[in-house]
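Results of the structural survey
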Amino acid sequence: MERTIPFETPRESEEVMAAGPVAGRFSRPAEMFWTAFSSTRHTGLFLVAPALLFLAIWFLWPVLSMIVSSFSSHSVDGVMVEGITFENYTRLFSSDLYFRILMRTVRIALLTSLCAMVFAYPLAIAIARGGPSLARLVTITILAPLLVNVVVRSYGWQTILNKAGAFAWILKQVGITSPPVLLYTEWAVLIACVHVYLPFMVMPLAAAIGRIDRTVEEAARVAGATRLKVFIRIVFPLSLPGLAVGASLVFSLSSAAYVTPQILGGNFSPLLGTLIEQQILTLNDWPFGAAISTLLIVMVLTVNLVFLNAVNRRFARWTESAR
Amino acid sequence: MGNPAVTTNRGGGSVSLSGISRRYGASQVVSDVNLEARSGEILALLGPSGCGKTTTLRMIAGLVQPTSGEISIDGKPVTTLPVHRRNLGMLFQNYALFPHMTVLENVAFGLSMRGTPKAEMAHRVKQALALTHLTGFEDRMPAALSGGQQQRVALARAIVYQPKVLLLDEPFGALDKKLREAMQIELRQLCNKLGLTTILVTHDQEEALVLADQIAVMRGGRIEQVASAREVYERPASHFVADFIGTSNFIPSAVLESRNGMTTLAGLSGNVFTSSMTTNLGAGEKAIVAVRPESIRLTPGEPSGGETNTISGNVLRTVFKGQSLSVWLDVPGLEFVCALPIEAIGATPPEPGTRWTANWSAERTLIVREQ
Amino acid sequence: MGNPAVTTNRGGGSVSLSGISRRYGASQVVSDVNLEARSGEILALLGPSGCGKTTTLRMIAGLVQPTSGEISIDGKPVTTLPVHRRNLGMLFQNYALFPHMTVLENVAFGLSMRGTPKAEMAHRVKQALALTHLTGFEDRMPAALSGGQQQRVALARAIVYQPKVLLLDEPFGALDKKLREAMQIELRQLCNKLGLTTILVTHDQEEALVLADQIAVMRGGRIEQVASAREVYERPASHFVADFIGTSNFIPSAVLESRNGMTTLAGLSGNVFTSSMTTNLGAGEKAIVAVRPESIRLTPGEPSGGETNTISGNVLRTVFKGQSLSVWLDVPGLEFVCALPIEAIGATPPEPGTRWTANWSAERTLIVREQ
Amino acid sequence: GFVRNGFAAGKEIHVGIWGGSQGEFVKKEIIPAFEKDFNCKVTAEEGFTLANVGKMRATKDNPKFSVMFIDDVAIPICKAEDLIDQLPKGDMPALANLYDKFAFGGWGSALAISVASMFHNTAVSPPASYADLWKPEYAGKLKLVSPKNTPSVFFLIVAASIKSGKPFAEAQYLIDDSFDKVAELKPNIMNLFDNGPQAANEVAQGQADIGLLELSKYIYPYTAKGAPVTMSFPKEGSFAGNNCQVLVKGGPNRDVAVAFMNRMLEPKVQKAFSEYALTAPPVSGIEFSADTLKYIAYPLSEMDKRGLFTPDWEFINAKRSAWTEKMNGIFAV
Amino acid sequence: MTETVSPAIRIVVAIILLMVVAPLVVPLLMSISDTAFIVFPPQGFTLKWYAAVLANPEARGSFLFSLELAAIVTTVSLVLGIPCAAGLTRFKVPGQDIMLGIILSPLIVPLIVTGIALLQFFSMMNFRATLLQLVIGHTVVCLPYVIRSVSASFVLANRNLEDAAAVLGAPPHVVATRIVWPQVRPGILAGGVFCFIVSFDDYPISMWLADGNHFPIPLYLYTVIERSFDPSIAAIASLMIFFALLLVLVIERVFGINLARLAS
Ligand SMILES: Nc1ncnc2c1ncn2[C@@H]1O[C@H](COP(=O)(O)OP(=O)(O)OP(=O)(O)O)[C@@H](O)[C@H]1O
Ligand SMILES: Nc1ncnc2c1ncn2[C@@H]1O[C@H](COP(=O)(O)OP(=O)(O)OP(=O)(O)O)[C@@H](O)[C@H]1O
Ligand SMILES: NCCCCNCCCN
Ligand SMILES: [Mg+2]
Ligand SMILES: [Mg+2]
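Keep in mind that this is a model prediction, so the values were computed, not measured.

Quick notes on the rules
- The numbering scheme is per chain: residues are counted from 1 as the chain's sequence reads.
- Each chain is given a letter, starting from A, and each ligand a number, starting from 1, according to the order in which they appear as written.
- Whole-chain, interface and lining totals are the exception, using all residues; otherwise, since this is a predicted model, local features are given only for residues with pLDDT of at least 70 and side-chain atom pairs are given and counted only at 80 or more.
- Excluded from the side-chain calculation are hydrogens and water; included are all heavy atoms of the structure.
- The contact definition used throughout considers only heavy atoms, calling two residues in contact when any of these lie within 4.5 Å.
- Accessible surface is computed with a 1.4 Å probe, and the buried area is the amount of it that two parts give up when combined, taken over both parts together.
- Salt bridge, as used here: a side-chain nitrogen of Lys or Arg that lies within 4 Å of a carboxyl oxygen of Asp or Glu.
- Pairing of N or O atoms within 3.5 Å defines a polar contact, subject to two protein rules: one partner must be a possible hydrogen donor and the other a possible acceptor, and residues neighboring in sequence count only if both atoms are side-chain atoms.
- Elements are defined by DSSP. Helices are runs of H or I of four residues or more, strands are runs of E of two residues or more, and each kind is numbered from the N terminus.
- In the scheme used here, Gly and all other residues not listed as nonpolar or charged are polar, with Ala, Val, Leu, Ile, Met, Phe, Trp, Tyr, Cys and Pro taken as nonpolar and Asp, Glu, Lys and Arg as charged.
- UniProt positions are given in the numbering used here, feature names are shortened, and annotations may be inferred rather than shown by experiment.
- Here, strands pair whenever DSSP counts at least two bridges between them.
- When the centres of two rings from Phe, Tyr and Trp lie within 6.5 Å, Trp using its six-membered ring, the rings pair. Their planes under 30 degrees apart give stacked, over 60 give edge-to-face, and anything left gives tilted.
- Only protein chains enter the calculation, and the probe is 1.4 Å; a residue is then buried if its accessible area is under 20% of its type maximum, exposed if over 50%, and partly exposed in between.
- Geometrically, a lysine NZ or arginine CZ counts as sitting over a ring once it is within 6 Å of the ring centre and also within 35 degrees of the ring normal.
- A donor here means an N, O or S atom no more than 2.8 Å from the metal, or no more than 3.2 Å when the metal is Na, K or Ca. Since water is not included, a site may seem to lack partners.
- Nonpolar cores are built from buried Ala, Val, Leu, Ile, Met, Phe, Trp, Tyr and Cys residues. Side-chain atoms within 4.5 Å join them into one set.
- Here, proximity means that at least one heavy atom of the residue falls within 4 Å of the molecule or strand.

Below, the discussion takes up the interface of chain A and chain E. Counting from both sides, the interface comprises 103 residues of chain A and, opposite them, 111 residues of chain E. Three residues stand out in chain A for area buried against chain E, namely Trp58(A), Leu147(A) and Arg211(A), and they jointly supply 8% of the buried area on that side. Put simply, chain A and chain E have 0 salt bridges between them. Where chain A meets chain E, there are 2 residue pairs in polar contact (both at pLDDT 80 or more). The element that contributes the greatest number of residues to the side of chain A that touches chain E is helix α3 (residues 43-69) of chain A, accounting for 18 residues. When grouped by side-chain class, the residues that make up the side of chain A that touches chain E number 70 nonpolar, 18 polar and 15 charged.

By the secondary structure assignment, Thr141(A) is in helix α6 (residues 132-143). Dropping the residues within four chain positions of it, Thr141(A) is found in contact with Leu17(E), Val20(E) and Val21(E).

What follows is about the arrangement of the chains. For the 8 pairs of chains in contact, the maximum contact count is reached by chains A and E. The two units chain B and chain D are non-contacting; their minimal C-alpha-C-alpha distance is 44 Å.

Residue and element names in this part refer to chain E. Feature annotation in UniProt places "transmembrane region" (unreviewed entry) on residues 12-32, 63-86, 98-121, 127-147, 188-209 and 229-251, given in this structure's numbering. Between the C-alpha atoms that bound residues 98-121 there is a distance of 23 Å. The span itself is 92% helix and 0% strand. In residues 127-147, helix accounts for 86% and strand for 0%; the two terminal C-alpha atoms are 27 Å from one another.

Here the focus is the sheet that holds strand β5 (residues 76-77) of chain C. Residues and elements named next belong to chain C. Ordered in space as β2-β1-β4-β5, the 4 strands form an open sheet in which the pairing is antiparallel. At either margin of the open sheet sits one strand with a lone partner, and together these are β2 (27-37) and β5. Relative to strand β4 (residues 68-73), strand β1 (residues 15-24) runs antiparallel, the two sharing 5 bridges. When the bridges of β4 are listed, Ser21 appears paired with Ser68.

Moving on, we come to the pattern of salt bridges. Under the definition given, this model contains 53 salt bridges over all chains. A salt bridge links Arg188(C) to Asp213(C), with the nearest nitrogen and oxygen atoms 3.7 Å apart. Here the residue Arg188(C) occupies a position in helix α5 (residues 177-194), and Asp213(C) occupies one in the loop between α6 (205-211) and β9 (214-219), the gap between them amounting to 25 residues. Between Glu24(D) and Lys28(D) there is a salt bridge, with its nearest N and O atoms 2.9 Å apart. Residue Glu24(D) and its partner Lys28(D) are both found in helix α1 (residues 20-38); the two are separated by 4 residues, about one turn of the helix.

As enumerated under the stated definition, the model contains 45 aromatic pairs over all chains in all. With 6.0 Å between their ring centres and 15 degrees between their planes, Phe196(E) and Phe200(E) make a pair best called stacked. Remark: Phe200(E) and Phe196(E) occur in helix α8 (residues 172-200); sequence separation between them is 4 residues, near one turn of the helix. Per residue, the accessibility class of Phe196(E) equals that of Phe200(E), and both read buried. In this structure, Arg114(B) packs its charged tip against the face of Tyr161(B), placed 3.8 Å from the ring centre.

Residues and elements named next belong to chain C. Protein coordination at the magnesium ion (ligand 5) comes from Thr54 (OG1) and Gln93 (OE1), with a distance range of 1.9 to 2.2 Å. Of this pair, Thr54 sits in helix α1 (residues 53-61) while Gln93 sits in the loop between β6 (88-91) and α2 (103-113), and the two are 39 residues apart along the sequence. A residue is classified by how much of its surface remains accessible, and Thr54, at 15% relative accessible area, is buried. For Gln93, a relative accessible area of 21% gives the class partly exposed.

To continue, consider the nonpolar core. Ranked by internal contacts, the top residues of the largest apolar core, which has 570 residues, are Phe336(B), Phe336(C) and Phe260(D). In terms of residue count, the dominant contributor to this core is helix α5 (residues 96-129) of chain A (16 residues). With sequence-adjacent residues up to four places away left out, Phe336(B) is seen in contact with Asn249(B), Ile251(B), Val291(B), Ile296(B), Ile311(B), Val327(B), Trp328(B), Leu329(B), Val331(B), Ala358(B) and Trp360(B).

Let's shift gears to the coordination of the magnesium ion (ligand 4). Listed as protein donors to the magnesium ion (ligand 4) are Thr54(B) (OG1) and Gln93(B) (OE1); their distances from the metal cover 1.9 to 2.2 Å. A residue is classified by how much of its surface remains accessible, and Thr54(B), at 23% relative accessible area, is partly exposed.

Here we take up the environment of Leu69(E). Residues and elements named next belong to chain E. Tracing the backbone shows Leu69 in helix α3 (residues 57-90). Between the alpha carbons of Leu69 and Ala237 there is a distance of 19 Å; along the sequence they are 168 residues apart. Beyond its immediate stretch of four places on either side in the chain, Leu69 contacts Leu131, Leu134, Val135, His138, Ser199 and Pro216.

What follows deals with the site of ligand 3. As a structural note, the neighbourhood of ligand 3 is formed by Val150(A), Tyr258(A), Val259(A), Glu277(A), Phe48(D), Lys148(D), Tyr203(E), Tyr222(E) and Glu226(E). At ligand 3, the nearby residues belong to more than one chain, namely chains A, D and E. A distance of 3.3 Å separates a nitrogen atom of ligand 3 from a polar side-chain atom of Glu277(A). Split into classes, the residues belonging to the shell around ligand 3 amount to 6 nonpolar, no polar and 3 charged.

As structure tokens, then:
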């Protein structure tokens, strides 16, 4: 597999990477800096290190100690108790409540990613391929929900989805007299999640679609592909890197959602995030909350890695030998 | 799930362009092009870089909308027919291979769009790959192919489903001569067998001459001449065509007389030329005598005198070109270039500084209008 | 902000490759290539599609690391020298124009990397654009250019800063013959004037012959022959080279005797051939007699008998190629192809079905080893 | 006086206060005056009870806050976790007027008392008894407070009381056996809300008829502004929601903190604070206008008359987790 | 090149945009209601809620602080994130998968958990600077957006062009700035925009780390919502939408980045 590297020039085989210091003189400090660091096998590490270190100190460490605390327990009156115990995990798996909520979390997160994907493609195509004003309109519009506070936003949805809301009204105009009740169901949660997390899908997709060579699409058209087929066979696979980013963002974010399920799901369909908030803020059961968090982390990480791996492997296939 | 309107067929469709124009912003890239490719024939679009060849092909394919004019395939206007319903095969100048598909998948694409059964698909793809000398490359990704290999994949992809009309934009540009010639023969045979109508953009005059039934020479977005290969070669309609079709020597002249199918002209420095080309130019009118380098014989020394179609000068330089030796004679007002077949070189090849006389037959004397 | 280590210079650097190999996965793409381009010379890399030409260029540029072997420029090993310090100019087969920069910015890029002053930069860019016939296109984006225009931008970008070594990967592939020839001349002059060392990948034999001081013929990743243009043409080292350098007729033969600089051979069907090429093959050893189509004269009817270097057969087909007429004779065991210069065609041109005899001189009889 | 309060000069304390109108008043009125009088700096940080407890716990080894406002529910927890100190009676003269039931054994003091009960749209007439809410006519018309919020415990007590027929004080110990009753109410529940003001707003708009239960301090500001929502007090009784202050153990500038806590209980402050937030003061001897008295239960006798019930938090906190799990099991799957 | 977005897609886009906007129009309408509490549909017309919000020094202060915080966080995240994305996509880094996992995990861990874990950690280290705490906390959750989106654009960048530039004499840092940068800019921009918005909208982290002097606007909004659910919160929401529009214009004008070409 040939690797190509932007910031360094000798590349490819490890023998070369290891070939030692660069021959020649350096005329400027800047160049010396870049060259020096581009010719060692540690360049990648060097680039990744600051961010990684930052997250290791300010995220991993605190969160790992949180995970460690999931192995401690708290006494009935909310007081923390020292020592290692698996009781939080036993509790997690002894009742089917948590398992069912885990499954709901996975379901909502997957559905959100799926719906976001369906809605995101036309939007991303409009951004990537439309004129500047269309692109601007779409971009601003889909970003807007992110800037509106979740409670206010949810209130907007409530107004639309309630029995006498805009949604019911529209359905009535179309002749559906007994509109399905959406508010305070999983559907409302799904709708609201898709609504806010849509831009996280659209933007990476638009970037990926914008990079697709138009003549490749044209070639497919000429070969007899309908627009739909062009999409399925050309645009979709070539946008996979963007989709992978979008899907992993949306899946992760919706898995951890906790305000929306409370407000729009009417607390009837909480996700794991809601339970975590409940444990930590209401019940003071920090260890059990940590245990649920650990479960959530493991779940999302697994799904993400499996998914990313699948996409990356496929993607690697057509870039690995690219020059 | 085939698209019933798009099926493979064994007879090519005629293509006709009438009054086609295309503008990009302020620049008129194609102007009032009228062209007719008859069913089953190969039409070559020839012309200098940037003259609008690719744009014309793209308009036929439906990838670019003409700003005005009408395109029909098989007599039916296609201006509103979507690209994928036109049943065309097209080889793009930059290949436009699908980067995420293997060679096999690239080639099979058009067939799968037509719902071709698996077995037949495999068979046809195999054939197309064999034809393009790509057997063994089935599972490569395009990025791992050389330039010429990519071009051949693009060709295989365009022909595999035997479209009604084949649009080829410099199909052999990245191939060496041997391979190019082999593929030209294959293409010719394929077109004959299937009666494919082919429109071929090329910058290789020889390719156009060998492959094409008709040649359309374009210049600055306009058609300068459309005619059979031989006619374009032997009776170029203009200075430009003559010039473009093969490096020629152009001698500004004036018509002396024209009768019995023979025209006599006087060159500016007194040389007299006779041509078997008839012309509707009257006596005294200006014309240009054009002589192709390979039409010329060279003899050492000065002309014997009184002969027509001779011109002499000192050798400026010579260049060995494999099949021939190019010799530049220093003739007042121009550099006269002759291409001597290797075999025609006698014991004393022309050396720079020596004096030689060029002569040629009346049959090889072209008369073109001044521009 | 100039990079003083990288300056324009007026003398080319010699390039030498010793024992260069490159593998991609399991496939050996370049094997043990030894090459030497002397300062100021033009070396053409010639070879069929996929033989490793581009890969070799990319190794010289430093874009691909050889799996083994050593590359030096001006005698200094460059294997560890980063690409940008090698002071090369390169034209990529697929152009690799910067899509976000105008033509002007693309061309100016290399100069601005060298800290060329504004005024000089403007001047040089202008020159390079004029040289490549692109004046007026300064502000276009690459996407709005035709294929040939893009290629010329790529050329202008590669030469504008007069690098030590110029690597050109099919620099004129997308250009029509006229423009190509014009650019070849410009390039030749540029190289001479500046003494640039140029390594040129081309699939156009004529281009190689016209431009190159040396030709290296590659085959399947190996060098088959490196020699002057003329020598490669006249003394091809192998069947492959002879074949590749121009369609040839190959007649399996056996050596009868070889002396006084003349070799006599017997063809399988009894014809006797004499060649002025010496060979170290002994009597009785197998060899192949190769004859170039354009070395052949055709006379109607059977040979008069007793002559060497003749072969006769019925005409299979003829193809008009502008400068020449190709004639295929049906000779037992092979199709014997002759290229008749238009001027050499007598009153009765060869018609399919008629019998003709081909003959050629001992000087044009090549002997190549069997493979 | 400068001389008297000189000890505080230039010092800074962090006080964790609530959000809402109470927080607003503390920030705008009480703190600036205190800062002026004591020439010190008070940095207020808005939060809510359980978050404030969380902050104390997270910063236990290195306390950042000196005074924390929390609800009575959390005082036992803070005590048990050793997060707070007892109030220094001697340094806090204002403690003298504090009703004893709001002194929490010296581990803090109440600051404001509101009533938790049912709220409804003024267009509907609320039932006189909580028991009626189980009737099918209320199908889909009730909003129930989510288990995340403290008043959820009040609802569990109501359910236990309805099931057992016992008063709140006894019923609170019977909650464990009452979840079947809770489950029976499910068809009537439109949603579980966790933002009181928002729920009040929806009830005001007629999207639901009745909400149960919420503290008066979240409802009455709307009633006062003319929104068609108000509270009703079923015959089973109501609950007291006690907003308190505690002294953080080991917090910086303890002397300033104590002075601040004392200031919070001074009559002038208490009167203005109560009028602003429509809550009852925990101290005796404050005069209110009739208008204000519409919305608050004051003095202590009035609270007792309305049967304002304060649960046994120590008992409840120990059970809360299990109960929440049961609530989740009923409503969340 | 001439074929743009098909009419069918335009229609679908229009419908989706309407659906996206609908729930935001509701607060917009509520914000002009001349009632002391939120009603829908609005009754009467007034701009007093806007006036009230704009005149409120607390609201203004929180808003400006959030702006400042988001700007710092975006800068820090880009500075840390861009090299990291480059390193991850263009180099062989040992344990790449694990690193990617680590980098993504702040997206996954519930934010309240991250927030309280950080608070605990800061307290343990006796680390008191609130602004710095907030910057760190926000950067932790914003960094993944930047890295994710920037690394995707690195993967998609055309490496042929980098080769070409290197041959032309461009040293690595110039290749990075003149060739790679224009190609990855859309990804960087998208990452930056997300970063800014996520920081600007963050509640769960700030909830733990903020104090009275550093009080981001989402926290302020919460206190307002708790105080009273009146049209002023709708006014704030509307103002934030207008602010988004303004922000886009500023980005386009000041930075010369055409947001519309974000993806080209
Ligand atoms: N990245 C790669 N991975 C695997 N094989 C490759 C890769 N790049 C090139 N090859 C193979 O190496 C061989 C040589 O390729 P190269 O591009 O050097 O050919 P070339 O001589 O330039 O041919 P052309 O004239 O067609 O451009 C080809 O067979 C090609 O398929
Ligand atoms: N998108 C565009 N915008 C503006 N001008 C364009 C565009 N596409 C092509 N042109 C111009 O139109 C002219 C014709 O282009 P076209 O690609 O048809 O040329 P061509 O005949 O195919 O040339 P070549 O042989 O070099 O490929 C050129 O001068 C080109 O610069
Ligand atoms: N008063 C209720 C506060 C609940 C906090 N929830 C956090 C949600 C933040 N988006
Ligand atoms: Mg073209
Ligand atoms: Mg190549």
